[in-house]
Amino acid sequence: MSGLIFKVYHAMLFLEHHLEVITKKEKRIFDLLKELTDLIVHTILRAIMIPGYRFMPTQSNRRLKAIDKEIKASLKALINKREKAMSAREDTKNDLLDLLLESNLSEIQAHGNTMSVGMSSEDVVDECKIFYFAGQETTSVLLTWTMILLAQYPEWQEHAREEVVQVFGNKKPDFDGLNHLKVVTMILYEVLRLYPPVILLNRDVHEEIKLGNVLLPAGVQVAVPTILLHQDPKLWGDDASEFKPERFAEGVSKATKSQVSFLPFGWGPRICIGQNFALIEAKMALAMILRHYSFELSPSYIHAPRTIITLQPQHGAPMILRKL
Ligand code: HEM
């Protein structure tokens with residue numbers, strides 16, 4: 001699943017080529033980002049137990065620094081190439097990187113070319129990295145949990161497949177058709193409710209504030225446990241822990257007794273910037289899989305959700321796929 005989402009991400013961020021073609025250099029950036037994610041997880045887990053761990057010259061910390069350096073250099077080279085092409089008014093690729101660079105350039109030009117406004121190339125590198133981290137893993141675990149649940153509830157798998165076939169027939173799924181996938185949307189919402197990729201949201205309190213009867217002093221950190229809100233019977237009814245996509249048949253607001261109880265993408269000014277993209281991507285991937293395969297869980301599957309940054313099946317999700 002992460003291989004598939006990687007390809008989509010690559011195309012969105014750096015549409016240097018057609019989706020199927022990925023150069024060695026670009027593949028290297030993404031492989032390094034993946035290794036970096038694994039090393040960060042490794043470091044976070046140890047840093048919880050050993051104070052100051054991340055500053056120790058361990059093998060993994062040294063590798064982490066080396067990867068970060070290589071990623072920055074590669075992304076910077078890519079950005080420089082694009083900036084040169086942009087000033088020479090060559091054809092743009094129309095991917096996320098171009099949009100980012102173009103809006104940055106207009107911002108700088110609007111302020112009389114002062115370099116104190118807009119983003120530096122280090123900022124652009126960081127934006128590219130955050131988009132990869134924030135979007136790649138979350139969307140691939142959403143798809144993984146969706147496959148698991150559709151394998152556990154074959155009647156919903158069939159229902160979703162019927163809808164996909166009805167909307168697209170023998171045609172390749174397209175963007176317009178995705179808007180007509182009602183059952184698939186209900187299923188994705190229900191998966192996001194039961195297995196939200198991000199299980200809690202953190203907020204820093206900058207100034208003292210009273211929330212109901214609770215006084216929160218400045219400096220404390222508040223964690224909103226999304227996953228607990230999503231499964232609270234007081235908000236969702238006695239069947240809160242069951243997989244029932246039909247609860248979303250009339251949209252999110254009718255599915256719950258309280259308005260702000262569904263937070264898979266967060267809430268407020270920092271709500272996930274990629275939520276629409278993630279849902280389009282997940283619908284497209286599901287539509288393609290459902291059209292061509294039926295699937296069930298392998299008997300070796302062990303249900304063990306655990307969180308390492310995102311909520312993941314600890315032992316993976318081995319599936320048996322049958323070509324239709
Ligand atoms: C199923 C997929 C996804 C889930 C569940 C998800 C979830 C979230 C959550 C919970 C937040 C924090 C919001 C808050 O603190 O209130 C967030 C932030 C963010 N997400 Fe996503 N996300 C997903 C996909 C994506 C995608 C595809 C992208 C990029 C294309 C993306 C980019 C971002 C960025 C840049 C932020 C930080 C926004 C900010 O701080 O202003 N996410 N996401």
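Residues numbered from 1 in each chain as written. Predicted model: local features only at pLDDT ≥ 70, side-chain atom pairs only at ≥ 80, totals over all residues. Heavy atoms only, no water.

## Some remarks on the coordination of the iron atom of the ligand
Phase 1: Here the protein supplies the iron atom of the ligand with just one donor, Cys272 (SG), and that contact is 2.3 Å long.
Phase 2: Counting through the fold element by element, Cys272 comes out in the loop between helix H11 (252-255) and helix H12 (275-292). (Donors = N, O, S within 2.8 Å, 3.2 Å for Na, K, Ca; no water. Helix = DSSP H or I, 4+ residues; strand = E, 2+ residues; numbered from the N terminus.)

## So, the packing of aromatic side chains
Phase 1: Here the structure, examined in full by the defined rule, presents seven aromatic pairs.
Phase 2: Centre to centre, the rings of Trp236 and Phe262 are 6.2 Å apart; their planes meet at 70°, and the pair counts as edge-to-face. Taken as a pair, Trp236 in helix H10 (residues 233-236) and Phe262 in the loop between H11 and H12 lie far apart in primary sequence, 26 residues in all. Across this residue pair, the class does not change: Trp236 and Phe262 are buried.
Phase 3: Ring centres 5.2 Å apart and planes at 50° place the aromatic pair Phe248 and Phe262 in the tilted group. (Phe/Tyr/Trp six-rings, centres within 6.5 Å; stacked < 30°, edge-to-face > 60°. Buried < 20%, exposed > 50% of the residue type's maximum accessible area, 1.4 Å probe, protein only.)

## A few points about the nonpolar core
Phase 1: In terms of nonpolar packing, the biggest core is built from 47 residues, with Trp145 and Ile187 touching the most fellow members.
Phase 2: Where this core is concerned, the elements lending two or more residues are helix H5 (121-152), helix H6 (154-168), helix H8 (182-194), H10, H12 and strand S5 (293-297).
Phase 3: With residues near it in sequence (within four places) discarded, Ile187 still touches Thr146, Leu150, Trp156, Ala160, Phe243 and Pro245.
Phase 4: Counting residues in hydrophobic clusters, the runner-up holds 20 residues, among them Ile29, Leu78, Leu101 and Tyr132. (Core = buried A, V, L, I, M, F, W, Y, C linked by side-chain atoms within 4.5 Å. Contact = heavy atoms within 4.5 Å.)

## Section: the side chain of Thr146
Phase 1: You can see Thr146 is positioned in helix H5.
Phase 2: Judged by relative accessible area, Thr146 falls into the buried class, the value being 0%.
Phase 3: Leaving out residues up to four positions away in the same chain, Thr146 has contacts with Ile187, Leu188, Val191 and Leu286.

## Examining the UniProt feature "binding site: heme" (unreviewed entry) in the chain
Phase 1: Those residues carrying the UniProt feature "binding site: heme" (unreviewed entry) are Cys272 in this numbering.
Phase 2: Classification of Cys272 as partly exposed rests on a relative accessible area of 29%. (UniProt positions renumbered as here; feature names shortened; annotations may be inferred.)

## A look at empty space enclosed by the protein
Phase 1: Scanning all chains against the criterion turns up one cavity of 30 Å³ or more.
Phase 2: Computed from the structure, the largest cavity encloses a volume of approximately 30 Å³.
Phase 3: Around the largest cavity, the lining residues are Lys34, Thr37, Tyr132, Phe133, Gln136 and Glu137.
Phase 4: For the lining of the largest cavity, the secondary structure elements donating two or more residues are helix H2 (24-49) and H5.
Phase 5: Looking at which element gives the most residues to the lining of the largest cavity, the answer is H5, with four residues.
Phase 6: Here the lining of the largest cavity is built from residues that sort into two nonpolar, two polar and two charged. (1 Å grid on protein atoms, 1.4 Å probe; cavity = no way out; pocket = protein on both sides within 12 Å on 5 of 7 lines; lining within 4 Å. Points joined across faces, edges and corners; volume = space filled by probe spheres on them. Nonpolar A, V, L, I, M, F, W, Y, C, P; charged D, E, K, R; others polar.)

## Things to note about H12
Phase 1: Taking 1.5 Å as the rise per residue, H12 with 18 residues should run 26 Å; its terminal C-alpha atoms sit 26 Å apart, in good agreement.
Phase 2: Of the residues making up H12, those classed as buried are Ala278, Leu279, Glu281, Ala282, Lys283, Ala285, Leu286, Ala287, Ile289, Leu290 and Arg291. (Expected span 1.5 Å × (residues − 1).)

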